[in-house]
Amino acid sequence: MLSIRNLHASVEAKQILKGLDLEVKAGEVHAIMGPNGSGKSTLGNVLAGREAYEVTAGEVLLDGKDLLELSPEDRAREGVFLAFQYPVEIPGVSNINFLKTALNEVRAYKGLPPLEAKEFLNKVKERQKLVEFDAKLANRSLNEGFSGGEKKRNEIFQLAMLEPKLAILDETDSGLDIDALRIVARGVNQLRSKDNAFIVITHYQRLLDYIVPDFVHVLYNGRIVRSGTKELALELEEKGYDWIKETVDAEGAV
Amino acid sequence: MLDEVATDIMITQVSDSLYTQLIKTYGGNLPSSEPHSLDEIRKQAFERFKSTGFPTVKQEDWKYTNVQPLVNRQHYALDTETLSAAIAIDKAIIPGLDAYRVVMVDGKYNADLSTAKDIPGLSVMPIDQAFERLCFAKYFSEYADKTDNPFVALNTALFTSGLFIEVGKNCQLQKPVHVIHVASASKPSFTQVRNLYVMSTFAEAEIIESFITNEGAAHSLNNTVSEIVVRENAKLQHYYLQVAGSQGNYLNHTEVYQEKHSLYNNYNCSFPGAAFIRNNINVRLGDSEVESHLYGVTLTADNQLVDNHTIVDHRKPHCESYEWYKNITQDTSTAVFNGKIFVRPDAQKTNAFQQNNNMLIGEKSAVYTKPQLEIFADDVKCSHGCTIGQFDNEALFYLQARGISEAQARVLLVHAFAFDVTSRFANAIVREYVEHLVEQGLKAG
Ligand SMILES: Nc1ncnc2c1ncn2[C@@H]1O[C@H](COP(=O)(O)OP(=O)(O)O)[C@@H](O)[C@H]1O
Ligand SMILES: [Mg+2]
């Protein structure tokens, strides 16, 4: 589904991603872990098409299509969804209106007619339940005055509404208490299917107890330096990021 | 010092051709009609105008709004006998609005196109037919002419047309009155229109005014003065919808006087089109327990200038005023906001709020904003603030990342920006119309 090859990206003339490779197949969940500042969010932003990030080399294909050629909105319409590490507050734009606009633009791109008001509302209701997102929040301005946890849950609610092919969750677990974490994880697990894929970016192993990944990768200094199965996450948890840093830096020194 | 001032005026007088034209045409020859009590008012007003001339940017109130090019470079016809050119009012139609309609063509009441007739409690007529009315004698030039706006003096001296509306005691109008001002003259013209609206005690009404330009109309300079009296316990919702074409240049002075326990809400909306717009909206809270709301949405484009000057004048205790203006500037346009709030010594327990927010979209657009609070009472709550910002790129990206096109995302963000104001519109149909005009007026980024 997604294939990233030799991806180099910089922001403000600073090289952040330095040759990243990743293959994600439909039906898989990949976890990306790594110390702060290693480039995890940069990867998410580059995939979603944020302007400030400049790709200097490499390629990204989504089902064979060159993703880097597309505008952010077309990437979303092709099925890429980034759950933001820091969701933006937009006063005056109602959550529901925003979702309806987004959903219908994605549908229009696929040649589908807009959802009937009733269908849309049914879907809202059903998906709200799935991620236990408070109906009151859905009617408020987009993320305005939401707590950190509410914002993260809203990301998952949007994910559930838009049903993307490839979802990238950027530290969706940070700022969530254990109950909220369970709810979010349950939502994600129910949305998993053989046709979609998830990239779960996280700093902590904790989330991976609930969203069990097929693969775990460690990102350090702009590159994936280790890949393995979920046991790698446990090892990381036990030995800490210093272990990665030391071994990788030692390899580099050789 | 005095000499200097005099010299200044001399220069102004010599340089502006409209001034010379007006003095030549009307000096000793002012419009006159029954009752002759008006003659003296006109004479004094003309003297006032003669001594000040047209304002220059040296005057604080006109610092960013230069009328000199308008009064210098163009020769105007002063009396536009409207030839019966086909007048189209479709540009003013508000979808879904059911209203009593009044059409004013170059300031003159057009009976054929107007439908606000024979409605119980509602009197609508050309202003010159109202000269004999008691309330005309009582209110005409009573408030507007106390200001130092030279355009008011000029208007008082020379106007010959305009609109008179009176909503009778206890009358609650079933439908809004939609006044459509059409600029139609085929030669460059200077029009002066004078309106007087009186809301009798316990009356309730909605007046919606649209400004449009007829197909093929020439450049025009329109100097309109509206005097509005909202009597005890009366309520008026008043909308200005400025959708004229680029030939249009407007000076609109609105002077509102409110009596006890009255409500006046003004919604002042300007859109891309008219090259030059200067609104003065002054609200005098003349008694206690008065409530006034001034809302503004200005969306500018091209090289437009829209200047909104407001005065909220708290004269008595226990009154509330609430003012919120939003400007969105594109291209090389300019928006000016100047909001004065006076709280006079008598006006204890005043509650006054003012906010002005600006969104500069055009990198070469400009915004000048100035709140001015003058508070002479001690037990009052007053707040004001202004902000200037651009598109929030984070928000734009967030919306795009959900599949919303950049153009649509911009529309959403501008709606969101205007929301504090549009959400206060009492009339949902007008609100929808205004939101649509905002959408239409936004250029693809
Ligand atoms: N918009 C930006 N402007 C400047 N520096 C940035 C920006 N985004 C990320 N960086 C820098 O890039 C590096 C990687 O950041 P990020 O991808 O956020 O790491 P992570 O998510 O793994 O913590 C950091 O050094 C960070 O300071
Ligand atoms: Mg991060």
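On a predicted model such as this, the values are computed, not experimentally measured, just so you know.

Cut-offs applied
- Numbering of residues starts from 1 in every chain and runs along the sequence as written.
- By the order in which they are written, chains take letters starting at A while ligands take numbers starting at 1.
- Local features in a predicted model are, by the rule used here, given only for residues with pLDDT of at least 70; side-chain atom pairs are given and counted only at 80 or more, and totals for whole chains, interfaces and linings are based on all residues.
- Water and hydrogen atoms play no part in the side-chain values, which are based on all heavy atoms of the structure.
- Numbering of helices and strands starts at the N terminus; helices are DSSP runs of H or I of at least 4 residues and strands are runs of E of at least 2.
- In what follows, residue pairs with any heavy atoms lying within 4.5 Å of each other are defined as contacts.
- All accessibility values rest on the Shrake-Rupley procedure with a 1.4 Å probe; residue burial counts only the protein chains present in the view.
- Residues counted as positive are Lys and Arg, residues counted as negative are Asp and Glu, and His and the chain ends are not counted.
- Every charge is mapped to an atom, namely NZ of Lys, CZ of Arg, CG of Asp or CD of Glu.
- We take the radius of gyration over the C-alpha atoms and set the globule estimate at 2.2 Å times the residue count to the 0.38 power.
- Type-normalised accessible area, obtained with a 1.4 Å probe on protein chains alone, sets the label of each residue: buried when under 20%, exposed when over 50%, and partly exposed for intermediate values.
- Put simply, a salt bridge is a Lys or Arg side-chain nitrogen that is within 4 Å of an Asp or Glu carboxyl oxygen.
- When DSSP locates at least two bridges between a pair of strands, those strands are taken to pair.
- Only the stretch in contact is used when fitting a helix axis, every axis being a line fitted to C-alpha atoms; angles between N-to-C directions are given from 0 to 180 degrees.
- Two parts placed together each lose some accessible area; with a 1.4 Å probe, that loss summed over both constitutes the buried area.
- Proximity criterion: a residue is near a molecule or strand once any of its heavy atoms comes within 4 Å of it.
- In protein, a polar contact requires one atom able to donate a hydrogen and another able to accept it; more generally it is a pair of N or O atoms within 3.5 Å, and residues adjacent in sequence count only if both atoms are side-chain atoms.
- Donor atoms (N, O, S) are those found within 2.8 Å of the metal centre, with the cutoff raised to 3.2 Å for Na, K and Ca; water is not part of the atom list, so apparent gaps in a site can occur.
- Aromatic rings from Phe, Tyr and Trp, taking only the six-membered ring of Trp, are treated as a pair when their centres fall within 6.5 Å; an angle between ring planes under 30 degrees marks them as stacked, one over 60 as edge-to-face, and anything in between as tilted.
- UniProt positions are given in the numbering used here, feature names are shortened, and annotations may be inferred rather than shown by experiment.
- One number per residue, pLDDT, summarises how confident the predictor is, and it ranges from 0 to 100.

## What to know about the overall build of chain A
Here comes step 1: The helix and strand inventory of chain A stands at nine helices and 12 strands.
Here comes step 2: Referenced to the eigenvectors of the C-alpha coordinate spread, the extents of chain A come out at roughly 65 × 40 × 35 Å.
Here comes step 3: Contacts in chain A between residues at least 24 apart in sequence constitute 69% of all its contacts with a sequence separation of at least 6.
Here comes step 4: Summed over all atoms, the accessible surface of chain A reaches about 11400 Å², with 48% contributed by carbon and sulfur.
Here comes step 5: Of the side-chain charges in chain A, 33 are positive and 40 negative, and the distance between the mean point of each set is 4 Å.

## Focus on the overall build of chain B
Here comes step 1: In terms of regular secondary structure, chain B is built from nine helices and 19 strands.
Here comes step 2: The C-alpha radius of gyration computed for chain B amounts to 21 Å, which stays within 12% of the reference 22 Å derived for 445 residues, consistent with globular compactness.
Here comes step 3: Oriented by its inertia axes, the alpha-carbon framework of chain B measures out at about 70 × 55 × 50 Å.
Here comes step 4: A total of 445 residues make up chain B; the buried ones form 60% of that total.
Here comes step 5: Considering only residue pairs separated by 6 or more positions, chain B has 85% of its internal contacts joining residues 24 or more positions apart.
Here comes step 6: Surface exposure of chain B reaches about 17700 Å², of which carbon and sulfur atoms provide 50%.
Here comes step 7: Taken together, the 38 basic and 52 acidic charged side chains of chain B have centroids lying 1 Å from each other.

## Section: the pattern of salt bridges
Here comes step 1: Applying the stated criterion across every chain, the model contains 38 salt bridges over all chains.
Here comes step 2: Across the pair Arg-402 of chain B and Glu-155 of chain A runs a salt bridge, and its minimum N-O distance is 2.7 Å. One end of the pair, Arg-402 of chain B, is in the loop between helix H7 (393-400) and helix H8 (406-422); the other, Glu-155 of chain A, is in helix H6 (residues 148-162), on a second chain. Pair check on accessibility: Arg-402 of chain B and Glu-155 of chain A agree, each one buried.
Here comes step 3: For Glu-435 of chain B, the salt bridge is made with Arg-431 of chain B, and the minimal N-O distance between the two is 3.3 Å. Taken together, the residues Glu-435 of chain B and Arg-431 of chain B, both in helix H9 (residues 428-441) and four residues apart, mark about one turn of the helix.
Here comes step 4: The class for Arg-431 of chain B is partly exposed, based on a relative accessible area of 24%.
Here comes step 5: When salt bridges with common partners are traced through the structure, they connect Glu-255, Arg-284, Asp-313, Arg-315 and Arg-344 of chain B into a single cluster.

## Side note on the sheet that holds strand S18 (residues 366-375) of chain B
All names here are of chain B.
Here comes step 1: On the basis of which strands lie adjacent, the open sheet formed by nine strands has the order S3-S4-S6-S8-S10-S12-S14-S16-S18 and mixed pairing. The strands lining the two open edges of the sheet, one partner per strand, are strand S3 (122-126) and S18. When strand polarity is set aside, the average angle formed by the axes of neighbouring strands in this sheet is 10°.
Here comes step 2: The sheet contact formed by strand S6 (residues 189-199) and strand S8 (residues 220-230) spans 11 bridges and is parallel. Bridge assignment links Leu-196 to a residue of S8, and that residue is Glu-227.
Here comes step 3: Against the sheet, helix H6 (residues 150-158) makes contact with S6, S8 and strand S10 (248-258), and its axis sits at roughly 90° relative to S6, the strand it touches most.

## Comments concerning the interface of chain B and chain A
Here comes step 1: Taken residue by residue, the interface counts 17 residues in chain B and 29 residues in chain A.
Here comes step 2: Together, the buried faces of chain B and chain A total about 1900 Å²; carbon and sulfur atoms form 66% of this surface.
Here comes step 3: Taken together, the links from chain B to chain A amount to two salt bridges.
Here comes step 4: Across the salt bridge formed by Glu-394 of chain B and Arg-50 of chain A, the nearest N and O atoms sit 2.9 Å from each other.

## Concerning the pairing of strand S9 (residues 166-170) of chain A
Residue and element names in this part refer to chain A.
Here comes step 1: Burial analysis of S9 places five of its five residues in the buried class, which makes it a mostly covered element.
Here comes step 2: Neither face of S9 is left uncovered, since the one carrying Leu-166, Ile-168 and Asp-170 and the one carrying Ala-167 and Leu-169 both have all their residues buried.
Here comes step 3: Examined bridge by bridge, strand S6 (residues 80-83) and S9 share four bridges and lie parallel to one another. Residue pairing across strands places Ala-83 opposite Leu-169, the latter belonging to S9.
Here comes step 4: Taken together, the five bridges between S9 and strand S10 (residues 197-201) define a ladder with parallel strand orientation.

## Side note on the site of ligand 1
Residue and element names in this part refer to chain A.
Here comes step 1: Contacts to ligand 1 come from 13 residues, most closely from Gly-37, Lys-40, Ser-41, Thr-42 and Tyr-53.
Here comes step 2: Lys-14 places a side-chain nitrogen or oxygen 3.0 Å from an oxygen atom of ligand 1.
Here comes step 3: Within the side chain of Tyr-53, a nitrogen or oxygen atom sits 2.9 Å from a nitrogen atom of ligand 1.
Here comes step 4: Taken by itself ligand 1 offers 560 Å² of open surface, and the protein chains cover 67% of this.

## As for the coordination of the magnesium ion (ligand 2)
Here comes step 1: Protein ligation of the magnesium ion (ligand 2) involves Ser-41 of chain A (OG) and Gln-85 of chain A (OE1), the donor distances falling in the range 2.1 to 2.4 Å. Taken as a pair, Ser-41 of chain A in helix H1 (residues 40-48) and Gln-85 of chain A in the loop between S6 and strand S7 (90-94) lie far apart in primary sequence, 44 residues in all.

## Some thoughts on the packing of aromatic side chains
All names here are of chain B.
Here comes step 1: Using the criterion set out here, one finds 27 aromatic pairs over all chains in the structure.
Here comes step 2: Residues Phe-49 and Phe-54 carry aromatic rings whose centres are separated by 5.0 Å and whose planes lie at 70° to one another, so their mutual orientation is edge-to-face.
Here comes step 3: Judged by relative accessible area, Phe-49 falls into the buried class, the value being 0%.
Here comes step 4: Residue Phe-54 is classed as buried on the basis of its relative accessible area, which comes to 1%.

## A short note on the UniProt feature "domain: SUF system FeS cluster assembly SufBD core" (unreviewed entry) in chain B
Here comes step 1: The sites that UniProt annotates as "domain: SUF system FeS cluster assembly SufBD core" (unreviewed entry) are residues 187-417 of chain B.
Here comes step 2: End C-alpha to end C-alpha, residues 187-417 of chain B measures 40 Å, and it is 9% helix and 60% strand.

## Things to note about the confidence of the model for chain B
Here comes step 1: Per-residue confidence for chain B averages 93 on the pLDDT scale, and 95% of its residues sit at or above 70.
Here comes step 2: Interface confidence for the predicted complex, expressed as ipTM, amounts to 0.95; the pTM equals 0.85.

## Concerning the sheet that holds S9 of chain A
Residue and element names in this part refer to chain A.
Here comes step 1: Judged by pairing direction, the sheet is mixed, and its six strands sit side by side in the order S6-S9-S10-S3-S11-S12 without closing on themselves. A single partner strand is all that each edge strand has here, and the edge strands are S6 and strand S12 (223-228). On average, each strand axis in the sheet is inclined to that of its neighbour by 20°, with strand direction left out of account.
Here comes step 2: Packing against the sheet, H6 makes contact with S6, S9 and S10, and its axis sits at approximately 165° to S6.

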